[in-house]
Amino acid sequence: CRTSSDGEPAKFQPPPKPVIIDRQKQREERRFLSPEFIPPRGRTDPLKFYIERKDMIQRRKVFNIPEFYVGHILAVTTADPYANEKANRFVGICIQRGGKGLGATFILRNVIEDQGVEICYELYNPRIQAIEVLKLEKRLDDNLMYLRDALPEYSTFDVNMKPVFRLDHEEVPVNKLQVRMKPKPWSKRWERPKYNIKGIKFELPEKKMKEAQKWNKPWLEFDMMREYDTSKIEEKIWKEVSEELKK
Amino acid sequence: SITGACQAIQKLTRVRVVDNSALGNTPYHRPPKCIHVYNKTGVGKVGDKILLAIKGEKKKALIVGHKMPGPHMTPRFDSNNVVLIEDNGNPIGTRIKTPIPYILRRREGEFSKVLAIARNFV
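Residues numbered from 1 in each chain as written. Chains lettered and ligands numbered in written order. Predicted model: local features only at pLDDT ≥ 70, side-chain atom pairs only at ≥ 80, totals over all residues. Heavy atoms only, no water.

Draft legend 1. Summary view of the overall build of chain A. Along the backbone of chain A there are four helices and seven strands. Going from the N terminus to the C terminus, chain A shows its helices and strands as α-α-β-β-β-β-β-β-β-α-α. Here the C-alpha atoms of chain A give a radius of gyration of 25 Å, more than 25% beyond the 18 Å that 2.2 N^0.38 yields for 247 residues. Overall size of chain A, expressed as C-alpha extent along the three principal axes, is 85 × 55 × 50 Å. (Helix = DSSP H or I, 4+ residues; strand = E, 2+ residues; numbered from the N terminus. Rg over C-alpha atoms; globule rule 2.2 N^0.38 Å.)

Right under this line is the structure:
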């Protein structure tokens, strides 16, 4: 069909250009610096943190520590001399990430056979052989300790869960789940504004919620002595870490 | 009048019997309580023997998990778990459904029979 309906030769239509999705660029645009790299506020010599970061990067070169937040479901295999097959696999939701530097820890929680189990793992412990992220999911809070007082169904995860496939390297989805709690007493008074929890569905009477607001300290967020601006420190550390990891 | 979260196991802590023995599972109007810990300090951790008062009787038991956070990489349970035991170390029940920490395997000589009836390990 060279000739068109007019009888003139058809104009040359070049084929459509292929759309190249530059994955590397996307990955570079999205930065994630693990929170344990950021040094805590204090008067210690930055040399100590520099040496620690070097060791952390060394470990990361040998063993891949994936990016994960609180609320992700992870499976950790550790070397255990007392386990059969010498390896011990534990699946759980990450409740909390604590510690800075080489002593950085994260707590995984799961309910096995109606018994809640929590294990505090150290990120840079050489006994850890593999960390797999089974499900990527951020929650509304930084600290999910209230899961201990929530109904056990919110902490049960299948041990043989398969990793959920994720295409996008762009955003981590936020799960806006409101968790239902067991009847009071709880281990901590989660309704108080000190904990600032958004992920619980409080079924308490209004009177109790108002009484909890008595402990509100709205002046704390404006307190200048408590400010710790980490943006510049993060930039420097990010540059350092990404250069070292590329080598 | 329930006391706050008691961390490791000492005298007068209420414990939860985890095996399928008759003594542990029949309901009674008082929960099983610890009366003595066989330890230099009065505080019992995983793998220590304690004396329990159940249904008006005294029985020895082995601690398999407590609410207190222990060393890193070891599990922390949401309840104080205990397995009923005889004086010579033989467990009274025949099955343990709840998970047991692998650390108990270190003292395999004393606890071999308890570990044999355990199903899940953490």
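Draft legend 2. Spotlight on unusual backbone geometry. That bond from Lys184 of chain A to Pro185 of chain A is cis: its omega, 10°, falls within 30 degrees of zero. Structurally, Pro185 of chain A can be placed in the loop between β7 (174-175) and α3 (206-212). A positive phi angle, near 55°, is found at Glu113 of chain A, a position not held by glycine. According to the relative accessible area criterion, Glu113 of chain A is partly exposed, its value standing at 37%. At Lys55 of chain B, a residue that is not glycine, the phi angle is positive and equals roughly 55°. Relative to the elements of secondary structure, Lys55 of chain B occurs in the loop between β3 (49-54) and β4 (57-65). Assessed through its relative accessible area of 32%, Lys55 of chain B is described here as partly exposed. (Buried < 20%, exposed > 50% of the residue type's maximum accessible area, 1.4 Å probe, protein only.)

Draft legend 3. Examining the interface of chain B and chain A more closely. Listed by partner, the interface residues are 18 residues for chain B and 24 residues for chain A. When chain B packs against chain A, close to 1,800 Å² is buried across both sides, 54% of that on carbon and sulfur atoms. Sorting the residues of chain B by area buried against chain A places Met73, Arg76 and Tyr102 of chain B first, and these three jointly supply 39% of that buried surface. Counting every contact that joins chain B to chain A gives two salt bridges. In this structure, Arg109 of chain A engages Asp78 of chain B in a salt bridge whose closest nitrogen and oxygen atoms are separated by 2.9 Å. Considering every element that reaches the side of chain B that touches chain A, the biggest residue donor is strand β5 (residues 75-77) of chain B, with three residues. Grouping the amino acids of the side of chain B that touches chain A by side-chain chemistry returns six nonpolar, six polar and six charged. Taken together, the three bridges between strand β4 (residues 115-122) of chain A and β5 of chain B define a ladder with antiparallel strand orientation. From the neighbouring strand, Ile119 of chain A faces β5 of chain B, where its bridge partner is Pro75 of chain B. (Contact = heavy atoms within 4.5 Å. Buried area = accessible area lost by both parts, 1.4 Å probe. Salt bridge = Lys/Arg side-chain N within 4 Å of Asp/Glu carboxyl O. Nonpolar A, V, L, I, M, F, W, Y, C, P; charged D, E, K, R; others polar. Pairing = 2+ DSSP bridges.)

Draft legend 4. The arrangement of the pairing of strand β3 (residues 105-112) of chain A in detail. All names here are of chain A. Across the eight residues of β3, eight count as buried, placing the element largely inside the fold. Across the two faces of β3 the burial is the same, with Thr105, Ile107, Arg109 and Val111 and Phe106, Leu108, Asn110 and Ile112 all buried. As paired strands, strand β2 (residues 87-98) and β3 are joined by five bridges and run antiparallel to one another. Note that in β3 the partner of Cys94 across the bridge is Leu108.

Draft legend 5. Structural view of the packing of aromatic side chains. Residue and element names in this part refer to chain A. Counted according to the given criterion, the structure contains seven aromatic pairs over all chains. Ring plane angle 65° and centroid distance 5.0 Å describe the contact between Phe32 and Tyr69, whose orientation is recorded as edge-to-face. Taken together, the positions of Phe32 in the loop between α1 (23-29) and α2 (46-62) and Tyr69 in the loop between α2 and β1 (73-79) put the pair 37 residues apart, joining distant regions of the chain. In textbook terms, an aromatic cluster arises when at least three aromatic residues are bridged by ring pairs, as seen for Phe68, Phe106 and Tyr121. Looking at Lys138, its charged tip hangs above the ring of Tyr69, at a distance of 4.3 Å from the centre. (Phe/Tyr/Trp six-rings, centres within 6.5 Å; stacked < 30°, edge-to-face > 60°. Lys NZ or Arg CZ within 6 Å of the ring centre and 35° of its normal.)

Draft legend 6. Structural view of the packing of α2 of chain A against helix α4 (residues 231-246) of chain A. Residue and element names in this part refer to chain A. Where α2 contacts α4, the two axes come as close as 10 Å, and the packing angle between them is 40°. If you check the angle between α2 and α4, you find them oblique. Handedness of the crossing formed by α2 with α4: right-handed. Residues Tyr50, Arg53, Ile57, Arg60 and Lys61 of α2 pack against Ile237, Glu240, Val241, Glu244 and Leu245 of α4. (Axes fitted to C-alpha atoms, helices over the stretch in contact; angles between N-to-C directions. Parallel < 35°, antiparallel > 145°, perpendicular 65-115°, else oblique. Left-handed = near helix turned anticlockwise from the far one by under 90°.)

Draft legend 7. Examining the pattern of salt bridges more closely. What the rule picks out here adds up to 18 salt bridges over all chains. Between Glu36 of chain A and Arg97 of chain A there is a salt bridge, with the nearest N and O atoms lying 3.1 Å from each other. Placement of the pair is Glu36 of chain A in the loop between α1 and α2 and Arg97 of chain A in strand β2, with a sequence separation of 61 residues. The same class applies to Glu36 of chain A and to Arg97 of chain A, which are both buried. We note a salt bridge from Glu118 of chain A to Arg76 of chain B, for which the minimum N-O separation is 3.3 Å. Separated into two different chains, Glu118 of chain A in strand β4 and Arg76 of chain B in strand β5 make up a pair that spans both. Take Arg76 of chain B: its relative accessible area is 13%, and that puts it in the buried class. Sharing partners across several salt bridges, the network here consists of Arg109, Glu118 and Arg148 of chain A together with Arg76 and Asp78 of chain B.

Draft legend 8. View of the nonpolar core. By size, the foremost hydrophobic cluster in this structure holds 51 residues, and its most contacted members are Phe106, Tyr121 and Tyr146 of chain A. Elements with a contribution of two residues or more to this core: α2, β1, β2, β3, β4, β5 (128-135) and α4 of chain A. In this structure Tyr121 of chain A touches Val76, Thr78, Phe90, Ala104, Thr105, Phe106, Leu108 and Ile128 of chain A together with Met73 of chain B, once residues within four positions along its chain are discounted. (Core = buried A, V, L, I, M, F, W, Y, C linked by side-chain atoms within 4.5 Å.)

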